[in-house]
Amino acid sequence: MVSKSHPFPGASGSSLGLSGQILIAMPAMPDPRFQRSVIYVCAHSEKGAMGIVINKRFPALTFAELLEQLDIETSIRTRSLPIHFGGPVDTGRGFVLHSLDYGVPEATLEVSTSIGLTATVDILKALARGQGPHQALLALGYAGWDAGQLEDEIRANGWLTCEANAGLLFDDDIELKWQHAIATLGIDLAQLSSTSGNA
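Small disclaimer: the values here were computed from a predicted structure and weren't measured. (Residues numbered from 1 in each chain as written. Predicted model: local features only at pLDDT ≥ 70, side-chain atom pairs only at ≥ 80, totals over all residues. Heavy atoms only, no water.)

**Section: the nonpolar core**
Inference 1: Within the largest apolar cluster, 40 residues are counted, with the highest numbers of intra-cluster contacts made by Ile 22, Tyr 40, Cys 42, Ile 52, Leu 97, Leu 117 and Trp 159.
Inference 2: Leaving out residues up to four positions away in the same chain, Ile 22 has contacts with Val 38, Ile 39, Tyr 40, Ile 54, Leu 160, Thr 161, Cys 162, Glu 163, Ala 164, Leu 168 and Leu 169.
Inference 3: The next biggest cluster of nonpolar side chains, apart from the first, holds 19 residues, and it includes Leu 66, Leu 81, Leu 124 and Ala 128. (Core = buried A, V, L, I, M, F, W, Y, C linked by side-chain atoms within 4.5 Å. Buried < 20%, exposed > 50% of the residue type's maximum accessible area, 1.4 Å probe, protein only. Contact = heavy atoms within 4.5 Å.)

Below, the structure written as C-alpha cells:
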C-alpha cells in the first residue's frame, strides 16, 4: 500500500484537477527553460503545484555515474536509464516517475491509478539490481508553482493540457513528445503556432 501523504510540493491540501494531467508548453512560451516542454503534473492543490518535465535530458550525466556518486552498487542487471531534466527547482534531488507495480510505503506519491512518484534512494537501488518498476522515468529537479500561479499561466495561454498516458510518459523518443502531446488534442501544430500569442 502506498501513501498519499508526502513531502512533495503541492501534494498537501485538497487535490485540484490537474494532478495526473499533462501540460504542453505553447509555442510562444516566454520562459526558455520551458520552451517546447511537456510536463506531467504530479501534485496540484490550493497550495501550489509540482510536476516533472518528461521531454528534456539532463546534460552530461549518466545513470551509471549517478549510481557511482551515490555509492550504489551496480550489477549486470542494472538498467540503463536516461536522466531527464525534471525542472529548474532542486536539481540536486532525484525523482522517479513509475508504474505502480512498485511502491515504497510512506514514500511513493500515488499520482493516478497507474502512475507513482518516488524520491528515495530505495527505488534507485532497486533499479540498480534490475528490479523496481516495469516502467520508470528518472529526473533531476522538478517544476514548481506557487498557489494559483499555474492557473494564471494557463489562463494567459502559456499551457495546453491533455490526458496522460503511459506511452507519452515513458516513450524514449523525447524529441517528438511535444508534437505527440499536441497531436493527442487533435490540434494542427501549424495552426497553433500561427495563433499563439493572440488574445
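**Focus on the layout of surface pockets**
Inference 1: Quantified by volume, the largest pocket comes out at close to 270 Å³.
Inference 2: Residue assignment for the lining of the largest pocket shows that the elements contributing at least two residues are β8 (136-146) and α3 (149-155).
Inference 3: Here the lining of the largest pocket is built from residues that sort into 11 nonpolar, 5 polar and 3 charged. (1 Å grid on protein atoms, 1.4 Å probe; cavity = no way out; pocket = protein on both sides within 12 Å on 5 of 7 lines; lining within 4 Å. Points joined across faces, edges and corners; volume = space filled by probe spheres on them. Helix = DSSP H or I, 4+ residues; strand = E, 2+ residues; numbered from the N terminus. Nonpolar A, V, L, I, M, F, W, Y, C, P; charged D, E, K, R; others polar.)

**Section: the pattern of salt bridges**
Inference 1: Tallied over the entire structure, the rule returns 2 salt bridges.
Inference 2: With a closest N to O distance of 2.7 Å, Arg 33 and Asp 31 form a salt bridge.
Inference 3: Note on Arg 33: relative accessible area 44%, which makes it partly exposed.
Inference 4: A salt bridge links Asp 152 to Arg 155; its shortest N-O distance comes to 2.5 Å. One end of the pair, Asp 152, and the other, Arg 155, are both in helix α3, 3 residues apart, so they sit about a helical turn from each other. (Salt bridge = Lys/Arg side-chain N within 4 Å of Asp/Glu carboxyl O.)

**Some points on the environment of Gly 130**
Inference 1: Its place among the elements puts Gly 130 in the loop between α2 (121-128) and β8.
Inference 2: C-alpha of Gly 130 to C-alpha of Ile 76: the two residues are 54 residues apart in sequence and 8.1 Å apart in space.
Inference 3: Sequence-distant contacts of Gly 130, defined by excluding residues within four places in its chain, comprise Arg 77 and Thr 78.

**Focus on a negative patch on the surface**
Inference 1: Taken together, the side chains of Asp 171, Asp 172, Asp 173 and Glu 175 present a region of like negative charge at the surface.
Inference 2: In this fold, Asp 172 is placed in the loop between α4 (166-170) and α5 (177-183). (Patch = residues over 30% accessible without salt bridge, like charges linked within 9 Å, V, L, I, M, F, W, Y side chains within 5 Å. Areas by Shrake-Rupley, 256 points an atom, 1.4 Å probe, with all protein chains shown as cover. Lys, Arg positive; Asp, Glu negative; His and termini not counted. Charge placed at Lys NZ, Arg CZ, Asp CG, Glu CD.)

**A short note on unusual backbone geometry**
Inference 1: At Asp 90, a residue that is not glycine, the phi angle is positive and equals roughly 55°.
Inference 2: Phi at Asn 157 takes a positive value of approximately 70°, unusual for a residue other than glycine.
Inference 3: When you line up the elements, Asn 157 lands in the loop between α3 and β9 (159-163).
Inference 4: Take Asn 157: its relative accessible area is 32%, and that puts it in the partly exposed class.

**Let's talk about the pairing of strand β2 (residues 38-45)**
Inference 1: In terms of residue burial, β2 counts as a mostly covered element, since 8 of its 8 residues are buried.
Inference 2: Pairing analysis gives 6 bridges linking β2 to strand β3 (residues 48-53), with the strands arranged antiparallel. If you follow Ile 39 over to β3, its bridge partner there is Val 53.
Inference 3: Where β2 folds back onto β3 in an antiparallel hairpin, the turn is made up of 2 residues. (Pairing = 2+ DSSP bridges.)

**Brief notes about α2**
The α-helix advances 3.6 residues per turn, and as a result positions three or four apart in sequence lie on the same side.
Inference 1: Every buried residue belonging to α2 is among Ile 123, Leu 124, Ala 126, Leu 127 and Ala 128, and all of these are buried.
Inference 2: Taken from the residues just after α2, Gly 130 is the one with a positive phi, measuring 80°.

**Describing the pairing of strand β1 (residues 21-25)**
Inference 1: Burial within β1 is extensive, with 5 of its 5 residues counted as buried.
Inference 2: With burial as the criterion, each face of β1 is covered, one bearing Gln 21, Leu 23 and Ala 25 and the other bearing Ile 22 and Ile 24.

**Thoughts on the packing of aromatic side chains**
By convention here, two paired aromatic rings are described through the distance between centres and the angle between planes.
Inference 1: By the definition in use, this model includes 3 aromatic pairs.
Inference 2: Ring geometry for Phe 34 and Trp 159: centres 6.0 Å apart, planes at 70°, overall edge-to-face. Of the two residues, Phe 34 is situated in the loop between β1 and β2 and Trp 159 in strand β9; the sequence distance between them amounts to 125 residues. Summarising the burial analysis for this pair, Phe 34 and Trp 159 share the class buried.
Inference 3: Aromatic pair Trp 145 and Trp 159: ring centres 6.3 Å apart, planes at 80°, arrangement edge-to-face. Separated by 14 residues along the polypeptide, Trp 145 in strand β8 and Trp 159 in strand β9 bring together distant segments of the chain. No difference in accessibility class separates Trp 145 from Trp 159, as the two residues are buried.
Inference 4: Among the aromatic residues, those joined into a cluster by ring pairs are Phe 34, Trp 145 and Trp 159. (Phe/Tyr/Trp six-rings, centres within 6.5 Å; stacked < 30°, edge-to-face > 60°.)

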